[in-house]
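# Coordinates in review
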Amino acid sequence: MATMDRKAAKRVAVVGAGTSGLAACKHLLARGFRPVVFDAGATVGGQWTRTLASTRVQSPHAAYRFSDFPWPEGTDWHPRHDQVVAYLDAYARRFGVHDCVRLRSTVVAAEYVAGAGEDEAAPDADAEQWAGNGEAFGGDGAGAWRLTVRHGESGDTETHEFDFMVLCVGRFSGVPNIPAFPATGGPDVFRGRVLHSIDFSDMDDADAAALVRGKRVAIVGSSKSAFDITAECAEANGVEHPCTMVCRNPRWLLHDTDVWGLLNLGYLYMNRFAELMVRKPGAGMASNLLATLLTPLAWLISKVTGAYYKKAIPMREHGMEPEYGFAGCISSCKIGMLPEAFYDRVKDGSIVIRRSMSFSFCEEGLLLDDAGADRRVVPADVVILATGFRGDQKLRDMFVSPRLKDIVAGSPDTTVPLYRECVHPRIPQMAVIGYSESLTNIHSCEMMAKWVARFLDGAFRLPGVRRMEKSVAEWGSYMRRSSGGSFRTSCLGAVNIWYNDQLCRDMGCDPRRKKGFLAEWFQPYGAVDYAGIQ
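Okay, so let's go over this structure. A quick note: this is a predicted structure, and the numbers were derived from the prediction, not measured.

## Section: the state of the cysteines
As enumerated under the stated definition, the model contains 1 disulfide in all. A disulfide bridge connects Cys333 with Cys491, and the sulfur atoms are separated by 2.0 Å. The disulfide joining Cys333 to Cys491 has a torsion of about 75° about its S-S bond and is therefore right-handed. One end of the pair, Cys333, is in the loop between α11 (326–332) and β14 (335–337); the other, Cys491, is in the loop between α16 (465–483) and α17 (496–507), and 158 residues separate them in sequence. The pair formed by Cys333 and Cys491 is uniform in burial state, with each residue classed as buried. Considering cysteine sulfurs only, Cys504 is the nearest to Cys509, which forms no disulfide, with 5.7 Å between them. Using a relative accessible area of 16% as the deciding quantity, one classes Cys509 as buried.

## Looking at the packing of aromatic side chains
Using the criterion set out here, one finds 33 aromatic pairs in the structure. Relative to Phe164, the ring of Trp130 has its centre 6.4 Å away and its plane inclined at 55°; by these criteria the two rings are tilted. On the criterion of sequence distance, the pair formed by Trp130 in the loop between β4 (105–113) and β5 (144–151) and Phe164 in strand β7 (residues 164–167) is long-range, its members being 34 residues apart. Look at Trp130 and you get buried, because its relative accessible area is 0%. Here the aromatic residues Phe33, Trp130, Phe137, Phe164, Trp451, Phe455 and Phe460 are joined through ring pairs into a cluster of three or more. Sitting over the ring of Phe95, Lys26 keeps its end group 4.5 Å from the ring centre. Sitting above the plane of the Trp498 ring, Lys280 keeps its charged end 5.7 Å from the centroid.

## Let's talk about a nonpolar patch on the surface
Together, Trp260, Leu262, Leu263, Tyr267, Leu297, Trp299, Leu300 and Val304 make up an exposed nonpolar region whose accessible area comes to about 820 Å². If one sorts the elements of the nonpolar patch by residue count, helix α10 (residues 295–312) sits on top with 4 residues.

## Section: helix α6 (residues 224–237)
Given a rise of 1.5 Å per residue, 14 residues ought to cover 20 Å, and the 20 Å separating the end C-alpha atoms of α6 matches this to within 8%. Most of α6 sits out of view: 11 of its 14 residues are buried. Along α6, the positions that sit buried rather than exposed are Lys224, Ala226, Phe227, Asp228, Ile229, Thr230, Ala231, Glu232, Cys233, Ala234 and Asn237. Gly238 sits one or two positions beyond α6 and adopts a positive phi of about 60°.

## Quick notes on the side chain of Ser20
Examined against the element boundaries, Ser20 turns out to sit in helix α2 (residues 19–30). Among all residues touching Ser20, those that are not within four sequence positions of it are Cys168, Ile433, Gly434 and Cys445.

## Overview of the pattern of salt bridges
The final tally for this structure, using the stated rule, is 26 salt bridges. Residue Arg80 is joined to Asp76 by a salt bridge in which the shortest nitrogen-to-oxygen separation is 3.2 Å. On the basis of relative accessible area, Asp76 is assigned to the partly exposed category, the value being 22%. A salt bridge links Glu161 to Arg146; the nearest nitrogen and oxygen atoms lie 2.9 Å apart. Of this pair, Glu161 sits in strand β6 (residues 156–162) while Arg146 is found in strand β5, placing the two residues 15 residues apart along the sequence. With relative accessibility at 31%, the residue Glu161 sits in the partly exposed group. On the accessibility criterion, Arg146 (30% relative accessible area) is partly exposed. Linked through salt bridges whose partners overlap, the residues forming this network are Arg56, Asp76, Arg80 and Asp82.

## Side note on the sheet that holds strand β10 (residues 243–247)
An order of β8-β19-β9-β10-β15 is seen for the 5 strands of this open sheet, with the pairing classed as parallel. Of all strands in the sheet, those with a lone pairing partner are β8 (193–196) and β15 (351–355), marking the two edges. Going across the sheet, the axis of each strand differs from the next one's by a mean of 20°, ignoring polarity. With 4 bridges connecting them, β8 and strand β19 (residues 382–385) associate as parallel partners. The partner of Arg193 across the bridge, within β19, is Val382.

## Observations regarding unusual backbone geometry
Positioned with a positive phi, Ala131 is a non-glycine residue whose angle comes to about 60°. Here Ala131 is to be found in the loop between β4 and β5. Non-glycine residue Trp260 carries a positive phi angle of around 55°.

## Describing the sheet that holds strand β18 (residues 377–379)
Strand order across the open sheet formed by 3 strands is β16-β17-β18, with antiparallel pairing between neighbours. Of all strands in the sheet, those with a lone pairing partner are β16 (359–361) and β18, marking the two edges. Averaged over all neighbouring strand pairs, the angle between strand axes comes to 25°, with direction disregarded. By the bridge criterion, 3 bridges tie strand β17 (residues 365–368) to β18 in an arrangement that is antiparallel. Each residue of the ladder has a partner; that of Leu366, found in β18, is Val378.

## Brief notes about the layout of surface pockets
Reported here for the second largest pocket is a volume of approximately 740 Å³. Forming the walls of the second largest pocket are 32 residues, and the residues nearest its centre are Ala298, Trp299, Ser302, Ala327 and Gly328. Of all elements in the fold, only α7 (265–269), α8 (272–276), α9 (285–293), α10, α11 and α16 reach the threshold of two or more residues within the lining of the second largest pocket. Ranked by residue count, the leading element in the lining of the second largest pocket is α10, at 9 residues. Of the residues that constitute the lining of the second largest pocket, the class distribution is 18 nonpolar, 8 polar and 6 charged.

Criteria and cut-off values
Residues numbered from 1 in each chain as written. Predicted model: local features only at pLDDT ≥ 70, side-chain atom pairs only at ≥ 80, totals over all residues. Heavy atoms only, no water. Disulfide = S-S within 2.5 Å. Helix = DSSP H or I, 4+ residues; strand = E, 2+ residues; numbered from the N terminus. Buried < 20%, exposed > 50% of the residue type's maximum accessible area, 1.4 Å probe, protein only. Phe/Tyr/Trp six-rings, centres within 6.5 Å; stacked < 30°, edge-to-face > 60°. Lys NZ or Arg CZ within 6 Å of the ring centre and 35° of its normal. Patch = residues over 30% accessible without salt bridge, like charges linked within 9 Å, V, L, I, M, F, W, Y side chains within 5 Å. Areas by Shrake-Rupley, 256 points an atom, 1.4 Å probe, with all protein chains shown as cover. Salt bridge = Lys/Arg side-chain N within 4 Å of Asp/Glu carboxyl O. Expected span 1.5 Å × (residues − 1). Contact = heavy atoms within 4.5 Å. Pairing = 2+ DSSP bridges. Axes fitted to C-alpha atoms, helices over the stretch in contact; angles between N-to-C directions. 1 Å grid on protein atoms, 1.4 Å probe; cavity = no way out; pocket = protein on both sides within 12 Å on 5 of 7 lines; lining within 4 Å. Points joined across faces, edges and corners; volume = space filled by probe spheres on them. Nonpolar A, V, L, I, M, F, W, Y, C, P; charged D, E, K, R; others polar.

This is the structure in structure tokens:
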């Protein structure tokens, strides 16, 4: 009882009530803590509560789930966004998370208040051990996090102090990524309306439909959201007012996950055998040598898989063939599911695809910088920029300290420096969950949440700061090698099992989760395999 009381006395804040925040709170509760969860929204669910009417989960519901909480009977194979919101709400109710959540509460500033003997401006700047002793709450005289929270429409603010802070703010919201434009070619010269995809997604469904109906709409981007918005506009306007999609670098967007109708992608890329073909961060010389020897097999699988999708989807016919192999979309997380009948709409003329490496604005719409003179102008009444988000800036904006702002997200040529994708080696008493991507983000978030909860519970200590920084550098090198120009996305797609193995070993759990040799090496791994880790 005394142990439980000590845990409950520790003040833990969770910022964000999306998938990662709910998982973090659930597992902290299971360990005896009583966290406080702050979220700016009116309901739990994060970005799933503010998305397009047509948005669905890209993975089958059997893969996109928490390990110990199945979907209800009758759920769509690819659940609709409203089904996801209901699922997350049910999860929060089932595990008592709702009682910890403070909705309409925006954390506008996080300030580390140094403890005795610490430098207020530079905590852990020269430390050998994280937080002084490698433990979550530090040693005697540890500091605290002072959070400034703005409540509701009133704008009133309060300050709260916590012994540990868990950031679950995600990467796909907050600060939009707006391209740079020449002085005379920015949005201000355009006589129509310009908005970012986040603004369009935040609209009420009826308002979003009214904005695009009967108008010439141009969408800029090649991400999944660009395809979804384009499809919605085409459905609203048909061939009378075609929707133009301006794309720079096409991605692999798929119509199904069964290759040649024979084998699911999970058996090709999401099992232990598949990861033998990957040079994994922190692996030994023997593992890297084996991966090198298996390179021809990895190339063949990528080639055959890519050939199937190029045959089944008319991407080449419409100039949308990706410039990188199929394995590259797994390792960089640049993969998604096509909106239904997308290329049918291209064929009937309700969607027009234009390729361009750069663009600017003019009065009439967009100017494509590398198109022919007769095709440079894309006439438009509305331009929607589906150009992604500045997840690094979103992290920086959380902090008051200039030094913490400077180090938390790394530099432009590094990944975000998080040990185990959760802990910054130089920022004490703080964890980040859900910043790194995977092919099924909810599964990765849950594993991170389990690891963080056990860390706070004292199940293990962190290694020395320099050892953590060495690990961060190894993972950064892998991200750069596997993902090219997009390495800052911190994608775990091709090494998810290897990553989970490390978390399991830290937590004192067996990383081998399946029964039998064949199952362990050749069956796809998923959330259910880790249900026994609580």
